[in-house]
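Residue-level listing of the chains:
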Amino acid sequence: MTITVLKKDNSTEIFKGEKIIDAVKKAAFRCDKLIDEATLQQIVHEVKRRIGQRETVKVAELHELVIAVLSFVQLGDVGKAYAEYRYYKTTYARTFEQLRQDADDVLRLGDRENANYDSSLVSTKGSLIKGYLTKSLYKQFYLSGREKELIDRGDIYIHDLRDMILGCINCCLFDIGHVLKDGFEMSNVQYSEPKTVLSALQVIGDITLVATAQQFGGFTLPELDKVLLPYVKKSLVAATRKYADLGLSEEKIAEQAEKDVIRELEQGFQSLELKLNTVPCSRGDFAFTTITFGQWDPKAFEDSDKHWLHMINRIMLNTRRQGHGKDGKPVVFPKLVYLFDEKQVDSDPHSAQLFDDAVKTSTECMYPDYLSLSSENGSVSQIYQKYGAITSPMGCRAFLSLWRNEQGEAITIGRCNIGAVSLNLPIIIKFAQIRSENWKEYFWELLDARLDVIRSFFKKRYDIIRHQQASSNPLAFTQGGFYEGTKSPDEKVGDLVRYMTASFGITALDEATYLWTGKRLVEEGGEFSAEVLDYLAKKLKTFKEEDGYLYAIYGTPAESLCATQARQYDEFCSANQIENVFRDTEHYSPEYFTNSFHVNVTEDITPFEKQDLEFTDFHLCEGGHIQYVRLDNPENLDAAKAVIRRGMQKGFYQGVNFDSAYCGDCGEHSNNVLFKCPKCGSDNLSVISRVCGYLGYSNVNGSSRMNDGKMAEIKNRISM
């Protein structure tokens with residue numbers, strides 16, 4: 001018998017079991033389930049049986065029958081997912097109204113979730129509004145019910161949710177040298193390999209803006225000095241030939257050629273800084289670019305090469321110190337990271353001079369940060385010393401796990417991360433406390449369950465990226481920006497996912513310690529936080545062995561998340577009618593949680609004490625970490641150098657903090673000032689502060705780009 005389905009608009013169509021099967025499969029996908037063909041056919045058969053002898057059935061009734069049958073065949077969770085999709089139109093108006101409100105807020109007030117966005121710009125407003133829509137779509141149609149439940153309550157937080165629907169990668173170490181060599185194609189235009197270092201730096205800026213738009217997160221140009229060295233040599237040859245044709249003496253030729261190349265480097269780095277700080281990429285944000293530099297084997301380079309490596313970096317640092325404009329207004333991009341090899345610095349005069357220059361720059365600009373390659377501690381030093389590969393940081397603090405190719409070589413450059421999901425430990429602890437008398441045992445069960453959800457999410461992410469076409473990110477996957485990234489545009493990303501890292505994030509260990517022990521992390525000594533991180537490390541080791549993916553523990557920087565998780569915890573306490581102890585406790589604030597493994601910013605401790613207190617947890621968060629200390633008198637070069645040297649011995653990725661202020665009225669530069677110029681009293685300040693792992697504007701001409709929670713934290717800082 002033929003069954004006719006009567007649709008809402010009173011049109012009709014013939015009943016087709018395939019449509020039911022397709023809809024059920026989509027619902028099952030959202031529950032992370034696969035339904036075998038026999039069960040799918042059983043569902044269709046049972047729906048037909050319940051329709052009975054009727055020749056016509058309304059579409060609304062047909063949907064209800066499918067939901068009932070799914071429950072009948074013990075697939076109630078799939079039925080619930082089916083119903084959510086089915087009833088989405090009834091909630092569409094409410095969802096759309098929220099999107100409209102979010103859009104209005106951006107248009108009128110801007111957005112301060114990420115200090116890297118200038119939401120006064122039309123292009124950025126458009127990107128942010130699009131992000132609200134893609135985030136809503138992804139949550140509604142691509143997350144499982146369990147994932148949504150935990151996100152809404154706050155147990156877990158999926159970072160960059162607005163970008164997940166696009167199937168792109170996260171942070172990366174981009175192989176810019178491979179892309180430049182022998183030329184490349186970008187936006188259907190063929191580029192020749194640069195013939196001078198000036199053109200190389202200009203093209204690098206263009207590549208950065210284009211490539212960062214195809215991903216989210218940090219974009220690192222690793223070991224850029226060594227990438228630029230061949231182009232310095234090209235410029236030197238051209239300049240030497242030019243002056244030789246003028247009949248000058250060899251001494252004069254060499255002198256003039258060097259001046260020309262130095263000028264090219266100065267112009268190139270000025271151009272790069274201006275481009276990265278004034279031109280948003282097509283995503284709407286400023287390209288979160290990092291440059292690492294400063295490591296070379298003195299025995300592997302001629303004296304002239306070491307001279308030019310030193311000169312490249314010296315000019316880059318000098319460009320940062322000078323700032324831009326007539327008054328030298330400072331900038332925040334690119335993030336600079338000095339690669340510290342103690343033997344190199346102590347044995348090579350060029351390196352020793354460069355390190356001193358780097359410290360001087362840090363005391364004026366807070367950058368560069370420093371990455372230890374020669375310590376007895378830490379995976380970065382171990383990988384470098386064993387394999388000779390440098391694992392540069394991606395963005396503010398993300399690091400790749402060790403991965404070796406089929407030849408046994410450790411590969412770092414040309415790899416990436418696929419995203420991060422962070423736990424809210426205070427909520428998980430509080431949930432355990434109100435649900436069980438043996439809450440400390442129950443906590444570990446809850447933690448296991450949350451980790452399983454994150455693991456399942458990442459497995460889906462890997463699968464989605466695996467099936468993306470290489471043309472989705474051509475500079476990475478077809479032009480060699482990523483390792484083995486020379487695929488044809490129509491090929492899938494495929495097994496390139498084997499070297500990509502996924503990050504299990506951890507935040508608020510200080511607050512979690514207080515809930516667990518009644519003591520702050522500083523008072524308790526870090527035993528609980530180390531226990532949690534050790535537990536995570538063992539779980540992730542098992543996950544890696546079973547899944548074949550590179551999972552890592554990530555000390556989450558929590559720029560806007562510091563406020564989001566604190567708010568979610570407060571709402572959880574209110575909903576369960578329990579006290580939020582962080583409202584009336586000294587050292588804590590209900591407005592924000594502490595970043596990752598760090599001690600509370602209100603702790604009155606010395607830089608050395610902070611380094612010691614964070615040492616263990618830093619090295620347990622190998623997938624993402626930075627250690628930073630506050631300098632009250634950054635002009636004291638010897639003190640800053642001692643702090644940095646000590647951090648290098650401990651195997652840290654080390655930063656130094658203070659607030660760098662520039663007055664828009666009188667042009668005064670000052671340190672550790674947030675709101676009033678000490679010279680003229682103006683509040684027209686642009687202030688650069690450490691956001692979490694990177695620098696951002698806590699004030700721009702008197703207005704902040706940072707969220708209220710982060711600004712509250714900045715005001716309370718004593719030791720950060």
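Just above sits the structure.
Residues numbered from 1 in each chain as written. Predicted model: local features only at pLDDT ≥ 70, side-chain atom pairs only at ≥ 80, totals over all residues. Heavy atoms only, no water.

Quick notes on the sheet that holds strand β2 (residues 12-14)
Across the sheet, three strands lie side by side as β2-β1-β3; this open sheet has mixed pairing. Unpaired on one side and paired on the other, β2 and β3 (56-58) mark the two borders of the sheet. Neighbour-to-neighbour, the strand axes of the sheet open up by a mean angle of 30 degrees, direction not taken into account. Relative to β2, strand β1 (residues 4-6) is paired through three bridges, and the arrangement is antiparallel. Paired with Leu-6 across the strands is Thr-12, a residue of β2. Contacts from helix α3 (residues 59-72) reach β1 and β3, with the element oriented near 80 degrees to β3. (Pairing = 2+ DSSP bridges. Helix = DSSP H or I, 4+ residues; strand = E, 2+ residues; numbered from the N terminus. Axes fitted to C-alpha atoms, helices over the stretch in contact; angles between N-to-C directions. Contact = heavy atoms within 4.5 Å.)

Looking at the packing of aromatic side chains
Following the criterion strictly, the structure yields 43 aromatic pairs and no others. Ring geometry for Phe-477 against Phe-482: centres 5.3 Å apart, planes inclined by 85 degrees, an arrangement best described as edge-to-face. Pair check on accessibility: Phe-477 and Phe-482 agree, each one buried. Seen from their ring centres, Trp-516 and Phe-528 are 4.5 Å apart, and the 20 degrees between their planes marks the pair as stacked. Placement of the pair is Trp-516 in helix α20 (residues 509-517) and Phe-528 in helix α22 (residues 527-547), with a sequence separation of 12 residues. For the pair formed by Trp-516 and Phe-528, the shared burial category is buried. An aromatic cluster of three or more residues is present, and its members are Phe-457, Phe-458, Tyr-462, Phe-504, Phe-543, Tyr-549 and Tyr-551. The side chain of Arg-162 reaches across the aromatic face of Tyr-132, ending 5.7 Å from its centre. Over the aromatic face of Phe-615 sits the side chain of Lys-650, whose NZ or CZ is 5.0 Å from the ring centroid. (Phe/Tyr/Trp six-rings, centres within 6.5 Å; stacked < 30°, edge-to-face > 60°. Buried < 20%, exposed > 50% of the residue type's maximum accessible area, 1.4 Å probe, protein only. Lys NZ or Arg CZ within 6 Å of the ring centre and 35° of its normal.)

Description of the pattern of salt bridges
Counting across every chain of the model gives 47 salt bridges. A salt bridge links Arg-646 to Asp-612; its shortest N-O distance comes to 3.1 Å. Placement of the pair is Arg-646 in helix α25 (residues 637-649) and Asp-612 in helix α24 (residues 607-620), with a sequence separation of 34 residues. Residues participating in the shared-partner salt-bridge network are Glu-406, Glu-484, Asp-495 and Arg-498. (Salt bridge = Lys/Arg side-chain N within 4 Å of Asp/Glu carboxyl O.)

As for the side chain of Arg-461
Its place among the elements puts Arg-461 in helix α18 (residues 439-466). For Arg-461, which is buried and forms no salt bridge, the nearest opposite charge comes from Asp-160, at a distance of 8.3 Å. Setting aside residues no more than four positions away along its own chain, Arg-461 makes contact with Met-164, Gly-167, Cys-168, Phe-216 and Ile-418. (Lys, Arg positive; Asp, Glu negative; His and termini not counted.)

Things to note about the environment of Thr-240
In this structure, Thr-240 sits in helix α11 (residues 224-244). Thr-240 sits 16 residues away from Gln-256 along the chain, and the two C-alpha atoms are 8.0 Å apart. Ignoring sequence-local partners within four residues, the contact set of Thr-240 consists of Ile-253 and Ala-257.

Considering helix α23 (residues 561-575)
Compared with an ideal rise of 1.5 Å per residue, which puts 15 residues at 21 Å, α23 spans 20 Å between its outermost C-alpha atoms and is within 8% of the ideal. A large share of α23 lies buried, amounting to 11 of its 15 residues. Among the residues making up α23, those that are buried are Leu-561, Cys-562, Ala-563, Thr-564, Gln-565, Ala-566, Gln-568, Tyr-569, Asp-570, Phe-572 and Cys-573. Along its buried surface, α23 packs onto α7 (145-153), β4 (156-158), β12 (415-423), α17 (425-435), α20 and α26 (708-716). Looking one or two residues beyond α23, the residue adopting positive phi is Gln-577, at roughly 55 degrees. (Expected span 1.5 Å × (residues − 1).)

Here we look at the side chain of Glu-511
Relative to the elements of secondary structure, Glu-511 occurs in helix α20. Nearest to the buried, unbridged Glu-511 among oppositely charged side chains is Arg-520, at 9.8 Å. Among residues more than four places away in sequence, those in contact with Glu-511 are Pro-426, Phe-582, Tyr-588, Tyr-592, Phe-593, Thr-594 and Asn-600.

With respect to the packing of α22 against α24
Between α22 and α24, the least distance of the axes is 9 Å, while the angle of their chain directions is 10 degrees. Considering their axes alone, α22 and α24 lie roughly parallel with respect to each other. Contacts between α22 and α24 involve Ser-529, Ala-530, Leu-533 and Asp-534 on the former and, on the latter, Thr-616, Asp-617 and Leu-620. Its residues placed into classes, the contact of α22 with α24 shows three nonpolar, two polar and two charged. (Parallel < 35°, antiparallel > 145°, perpendicular 65-115°, else oblique. Nonpolar A, V, L, I, M, F, W, Y, C, P; charged D, E, K, R; others polar.)

A word on the pairing of strand β16 (residues 653-657)
Most of β16 sits inside the fold, with five of its five residues counted as buried. What you see with β16 is no split at all: Tyr-653, Gly-655 and Asn-657 on one side and Gln-654 and Val-656 on the other are buried throughout. Two strands pair when backbone bridges link them, and strand β11 (residues 369-372) and β16 are joined in this way by two bridges, in the antiparallel orientation. Bridge pairing in β16 links Leu-371 to Tyr-653. Where strand β15 (residues 627-630) lies against β16, four bridges are found, and the strand directions are parallel. If you follow Gln-627 over to β16, its bridge partner there is Gln-654.

Some points on the nonpolar core
Phe-174, Ile-207, Leu-265 and Met-500 are the most contacted members of the largest nonpolar core, which has 180 residues in total. In terms of residue count, the dominant contributor to this core is α18 (12 residues). Excluding residues that lie within four positions of it along the chain, Phe-174 makes contacts with Val-179, Ile-207, Ala-211, Phe-219, Thr-220, Leu-221, Pro-222, Ile-413, Leu-475, Ala-476, Gly-481 and Phe-482. With 29 residues, the next largest nonpolar core counts Val-5, Ile-20, Ala-27 and Ala-28 among its residues. (Core = buried A, V, L, I, M, F, W, Y, C linked by side-chain atoms within 4.5 Å.)

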